[in-house]
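# Coordinate inspection notes
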Amino acid sequence: ASTSTSYPGRLAPYPPDLIKWVRREGGFVHEAVKIAQDSSFGLGLVAIEEIPKGSELIVLPEHVPLRFGSLESEGGDGGLDSVLVNLARHVPEELWAMKLGLKLLQERAKTGSFWWPYISSLPETFNIPIFFPGEDIKNLQYAPLLYQVNKRCRFLLDFEQEVKRALENLKPNDHPFGGQAVDASSLGWAMSAVSSRAFRLYGKKLSGEINNDVPMMLPLIDMCNHSFKPNAIILQDQDDRDVKMLVKVVTETGIKQNDCLVLNYGCLNNDLFLLDYGFVIPSNPYDCIELKYDGALLDAASMAAGVSSPNFSVPSPWQKEILCQLKLDGEAPLLKVCLGGSELVEGRLLAALRVVLASDMETVQKLDLDKLKSISVEAPLGIANELAAFRTVIALCVIALGHFPTKIMEDESLLQKGVSDSTQLAIQFRIEKKSVIIDVMRDLTRRVKLLASKETATSQG
Ligand SMILES: C[S@@+](CC[C@H](N)C(=O)[O-])C[C@H]1O[C@@H](n2cnc3c(N)ncnc32)[C@H](O)[C@@H]1O
């Protein structure tokens, strides 16, 4: 019970010891691995002694991970419920977490579930945007994320009705959730539990085929917090004795005493970290902002940047042709483009700017698209063209910054006053988005200065 007291806010006040459970089920847990309170990230796994690089930390036998079509013969009883399978068909692919969430809810409701030791130690609540008060959803101040949050909330409300209809006239024995009521809030709990803890790994799908993208919840392993500089990785291995797939966590670096064990959840932007996990990473190198490729907006930005008569709204036919190849024009275009992240300016946008701001068709057509898309290929259409393209992006950044109703300084002083957890997350999120824009502007300004000095040097020479 002494370790149980360090599980605040878990489904059961005193969940069973997860490490013991994994070992009892035939899994392996390194003796120096313990569950501990991580100062700011909830619970985490900690090494209580030094562990050398390449050591196995945790090995889960095949029947321990929880998947939609879990190997019932080993863990639970009976096959997958047909009501559950039918309900899962209503879940769009992008909300895959809800599908596995249905299975989680079923196991949560089942008396004596094989996974109860695991489920009872899951958080009782999740601080992610679908649960934010309306005011804090607005506080995010960033339209693409507001759109995603609203979409998920709407889905949960519709799905609640779908579930109610499916459960209406069922006999108690056929009820997939043991007769318990399921509403948008419990569905939201399950979707968040999965989105914040599941990993997509190799596994058998319901059809029996092996797939490398099967979402599963990995008891104990999912106590590892995230870092872009992980000291451990997940590996999958076949058991020596038979063909079962084991899931392992292995150290990637030597681990010092008292270090937390951290995995990389993925090179994700802050939108996904916030939506799925409920946290925001400061100075996240993968964070970016989304813009819509829009001729009128680009004309305005480019005029503000000093281009006398930009023609983004009415590109000439040869330019239009290239824009179609970039999927920025033509049938079913993909108009969402990004600034920031590892690319700085999304290749498709950069190529479009270079092409539409160029006047000489032949020079453009001599170059392949990959060169036009790459920021590391310097000024492929000449310095003046590159300067106009970069200045247009800087002006786009100014416009994008203007869409945020508050300045970073105001946000910071709000945070200092002390606010609720959800307000704090929303404010941190928008500070990071604005920082991305400012960083892009800073980088491009530096490039513009360098290019301008080269242009002067050339013209003087
Ligand atoms: C897979 S669980 C890890 C275990 C979790 N800390 C717990 O208490 O159960 C993922 C959750 O841990 C927290 N977390 C993990 N890494 C984090 C990080 N780098 N910054 C902030 N929170 C983090 C978030 O709440 C996230 O949703």
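Residues numbered from 1 in each chain as written. Predicted model: local features only at pLDDT ≥ 70, side-chain atom pairs only at ≥ 80, totals over all residues.

## What about the packing of helix α9 (residues 295–304) against helix α14 (residues 383–402)?
- At a minimum axis distance of 8 Å, the contact between α9 and α14 shows a crossing angle of 110 degrees. Between α9 and α14, the crossing angle belongs to the class labelled roughly perpendicular. Residue-level contacts link Leu-298, Ala-301, Ser-302 and Ala-304 of α9 to Ala-388, Thr-392, Ala-395, Leu-396 and Ile-399 of α14.
- Split into classes, the residues belonging to the contact of α9 with α14 amount to 7 nonpolar, 2 polar and no charged. (Axes fitted to C-alpha atoms, helices over the stretch in contact; angles between N-to-C directions. Helix = DSSP H or I, 4+ residues; strand = E, 2+ residues; numbered from the N terminus. Parallel < 35°, antiparallel > 145°, perpendicular 65-115°, else oblique. Contact = placed C-beta atoms within 7 Å. Nonpolar A, V, L, I, M, F, W, Y, C, P; charged D, E, K, R; others polar.)

## Things to note about the site of the ligand
- Among the 14 residues in the neighbourhood of the ligand, the closest are listed as Gly-42, Leu-43, Ser-196, Asn-225 and Phe-279.
- If you list the elements that add at least two residues to the shell around the ligand, you get β3 (42–47), α7 (184–197) and β8 (225–226).
- Ranked by residue count, the leading element in the shell around the ligand is β3, at 3 residues.
- Of the residues in the shell around the ligand, the class split is 6 nonpolar, 6 polar and 2 charged. (Near = placed C-beta within 6 Å.)

## Some thoughts on the packing of helix α11 (residues 347–356) against α14
- Running from amino to carboxyl end, α11 crosses α14 at an angle of 125 degrees, the nearest separation of the two axes being 9 Å. Classed by the angle they form, the pair α11 and α14 counts as oblique. Seen along the crossing, α11 lies across α14 with a hand that is right-handed. For the pair formed by α11 and α14, the contact residues are Leu-350, Leu-353 and Arg-354 on the first element and Asn-385, Ala-389, Thr-392 and Val-393 on the second.
- When grouped by side-chain class, the residues that make up the contact of α11 with α14 number 4 nonpolar, 2 polar and 1 charged. (Left-handed = near helix turned anticlockwise from the far one by under 90°.)

## Describing the pairing of strand β13 (residues 336–340)
- A large share of β13 lies buried, amounting to 4 of its 5 residues.
- Pairing geometry for strand β12 (residues 288–292) and β13, over 5 bridges, is antiparallel. Pairing of Glu-290 across the sheet is with Cys-338, part of β13.
- In this structure, β13 lies alongside strand β14 (residues 344–345), joined through 2 bridges in antiparallel fashion. In the sheet register, Leu-339 faces β14, and the bridge partner there is Val-345.
- Taking the residues that link successive antiparallel strands as the turn, the β13-β14 hairpin has 3 residues, and the phi of Gly-341 there is positive, at about 70 degrees. (Buried ≥ 20, exposed ≤ 12 C-beta atoms within 10 Å, placed from the backbone. Pairing = 2+ DSSP bridges.)

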